Amino acid sequence: MEKAAFILLGLNFLYVGLLPKIFFREDGKFTPMWFVTAAPWGIAPVLFIAVYFDVLAPFIDTASVVYTIMAATGTVFCCVSIAIISMTIGTHRVPLALWHQEHDNDKPQNIVTWGSYKYIRHPFYSAFIIAFIGAVLIVPHWSIVALGLYTFLILNYTASKEEKRLSAEGDGFGAQYTEYVKHTGRFFPKLSGECGIKMKLKENQ
């Protein structure tokens, strides 16, 4: 197994795991749904180590040329994931609440439409999904594939729920957010239409 790729993957997952401490607000609560969503990030590193030390057998020969190409591609995905997380942190003026927080004091005041949000509505989630794609390529085991699929499905569910809540906000916010949804992708930029957001929103920058 490619040691450098494995280390980078570990750093990628560590970066995600540290987000509640280095970025998200401290007044958030670790709700049951938060644990359901975050579970793969605690389980995956254990599986990584098990595969790395041959406790679990990968589904491809890690001495093959094919795996070398997979691991190299996986490092690119990890770098992209780390870059998106860093860019998204830099986009926000203030830390966000932890996922699944629905308190009155957490109602959004404006729509962030710059930085990575210019093209995708949930860049953090995008980075998490990309990290798992990298994990499957670097640590090729069916358990990692299963965790990756689980992560995608639970994040898609969470994103859908968040978008419904934001679209229903009053004072014109919901209408603005609905328009924003039309021009951006949930996790990845829309392939059709013009890039960016060609609409009139309040300038809150």
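These remarks concern the structure in this document.

Rules used throughout
Residues numbered from 1 in each chain as written. Predicted model: local features only at pLDDT ≥ 70, side-chain atom pairs only at ≥ 80, totals over all residues. Heavy atoms only, no water. Helix = DSSP H or I, 4+ residues; strand = E, 2+ residues; numbered from the N terminus. Buried < 20%, exposed > 50% of the residue type's maximum accessible area, 1.4 Å probe, protein only. Contact = heavy atoms within 4.5 Å. Areas by Shrake-Rupley, 256 points an atom, 1.4 Å probe, with all protein chains shown as cover. Expected span 1.5 Å × (residues − 1). Bend = angle between axes of the 7 residues up to and from the residue. Polar contact = N/O pair within 3.5 Å; in protein donor to acceptor, adjacent residues only side chain to side chain. Salt bridge = Lys/Arg side-chain N within 4 Å of Asp/Glu carboxyl O.

The next subject is the overall build of the protein chain. In terms of regular secondary structure, the protein chain is built from six helices and zero strands. Reading the protein chain from its N terminus to its C terminus gives the helix and strand order α-α-α-α-α-α. Going through the 205 residues of the protein chain one by one, you find that 44% of them count as buried. Intrachain contacts of the protein chain at a sequence separation of at least 6 include 84% that bridge at least 24 residues. Carbon and sulfur atoms make up 64% of the accessible area of the protein chain, which amounts to about 11100 Å² in all.

This paragraph deals with helix α2 (residues 32-52). Compared with an ideal rise of 1.5 Å per residue, which puts 21 residues at 30 Å, α2 spans 31 Å between its outermost C-alpha atoms and is within 8% of the ideal. Where α2 bends most, the angle comes to about 45°, and this point is Ala-38, followed within four residues by the proline Pro-40. Within the sequence span of α2, burial applies to Trp-34, Thr-37, Ala-38, Pro-40, Trp-41, Ala-44, Leu-47, Phe-48, Ala-50 and Val-51. Directly after α2, the chain includes Asp-54, whose backbone phi takes a positive value near 65°.

Moving on, we get to the side chain of Thr-184. Note on placement: Thr-184 falls in the segment after α6 (173-183). Exposure remark for Thr-184: the relative accessible area of 0% places this residue in the buried category. Within the structure, Thr-184 has its side chain in polar contact with the backbone oxygen of Tyr-180 (distance 2.9 Å).

This part is about the pattern of salt bridges. What the rule picks out here adds up to three salt bridges. In this structure, Glu-163 engages Arg-186 in a salt bridge whose closest nitrogen and oxygen atoms are separated by 2.8 Å. Placement of the pair is Glu-163 in helix α5 (residues 142-167) and Arg-186 in the segment after α6, with a sequence separation of 23 residues. Taking the relative accessible area as the measure of exposure, Glu-163 reaches 6% and is therefore buried. Residues joined by salt bridges that share partners form a network here, namely Arg-121, Glu-163 and Arg-186.

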